Amino acid sequence: MKRKLFSSFVLITSALVICSVSAFTQTQDESAIFQLVNRERSRTHLGELMWDERLAKVARDYSRRMAREGFFDHYDSNGKTVTDRASRIRGWSRIGENLFVCDPHASYPTTAIRGWMKSPTHRTNILEPSWTATGVGIAVARDGSIFITQVFTSD
């Protein structure tokens with residue numbers, strides 16, 4: 001069964017949608033998503049986002065939590081959002097988040113980007129001109145589902 005599930009969050013705005021994933025190499029796949037997002041931005045003459053390892057840690061931690069606890073939402077079980085999860089990081093004035101969950105297949109990074117680009121809220125996040133940095137985190141659940149979180153910030 002193929003499923004697509006992705007979600008976008010800007011400050012306190014969210015949207016849901018569902019996707020499909022096989023060979024999993026976290027660092028390579030995070031890098032692939034990062035590069036694909038910047039490719040989409042360059043197609044519309046927007047500047048590239050910088051990789052921020054602090055944002056990647058926030059994204060990885062949240063993907064791991066969703067995978068471990070079996071939920072998919074911008075709000076965790078305590079009602080916390082990306083704003084709360086990134087509160088320890090200094091220097092950002094605006095924050096956004098895209099979420100995606102899918103079944104394993106080899107080209108899931110491309111599937112995630114295609115899914116996000118077909119969704120108005122996710123596309124808006126990817127193509128937001130004010131974003132300056134991003135981080136991506138990927139985790140695999142016990143059932144093999146892949147959870148992807150991307151966090152965006154503006155200085």
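Residues numbered from 1 in each chain as written. Predicted model: local features only at pLDDT ≥ 70, side-chain atom pairs only at ≥ 80, totals over all residues. Heavy atoms only, no water.

## Some remarks on the pattern of salt bridges
To be explicit about the condition: Think of a salt bridge as a Lys or Arg side-chain nitrogen and an Asp or Glu carboxyl oxygen that are within 4 Å of each other. Helix and strand labels come from DSSP, where a helix needs a run of H or I of at least four residues and a strand needs a run of E of at least two; each type is numbered from the N terminus. Between buried and exposed lies partly exposed: a residue is buried under 20% and exposed over 50% of the maximum accessible area for its type, with that area taken using a 1.4 Å probe on protein chains only.
Taken as a whole and assessed by the stated rule, the structure comprises twelve salt bridges. Linking Arg88 and Asp61 is a salt bridge whose minimum nitrogen-to-oxygen distance equals 3.9 Å. Highlighted residues: Arg88 in the loop between α3 (82-85) and β4 (94-102) and Asp61 in helix α2 (residues 53-69), separated in sequence by 27 residues. Residue class for Arg88 comes out exposed when judged on its relative accessible area of 52%. Among the residues examined, Asp61 registers a relative accessible area of 29% and is labelled partly exposed. Among the ionic contacts, a cluster of salt bridges with common partners joins Lys57, Asp61, Arg64 and Arg88.

## A closer look at the pairing of strand β6 (residues 146-154)
The following threshold applies: Strand pairing is defined by DSSP finding a minimum of two bridges between the two strands.
Among the nine residues of β6, nine are classified as buried, and the element is accordingly described as predominantly covered. Of the two faces of β6, both are covered, the one formed by Ile146, Ile148, Gln150, Phe152 and Ser154 as well as the one formed by Phe147, Thr149, Val151 and Thr153. Judged from the nine bridges that link them, β4 and β6 form a sheet pairing that is antiparallel. What sits directly across from Gly96, in β6, is Phe152.

That's the geometry; what it means functionally is another story.
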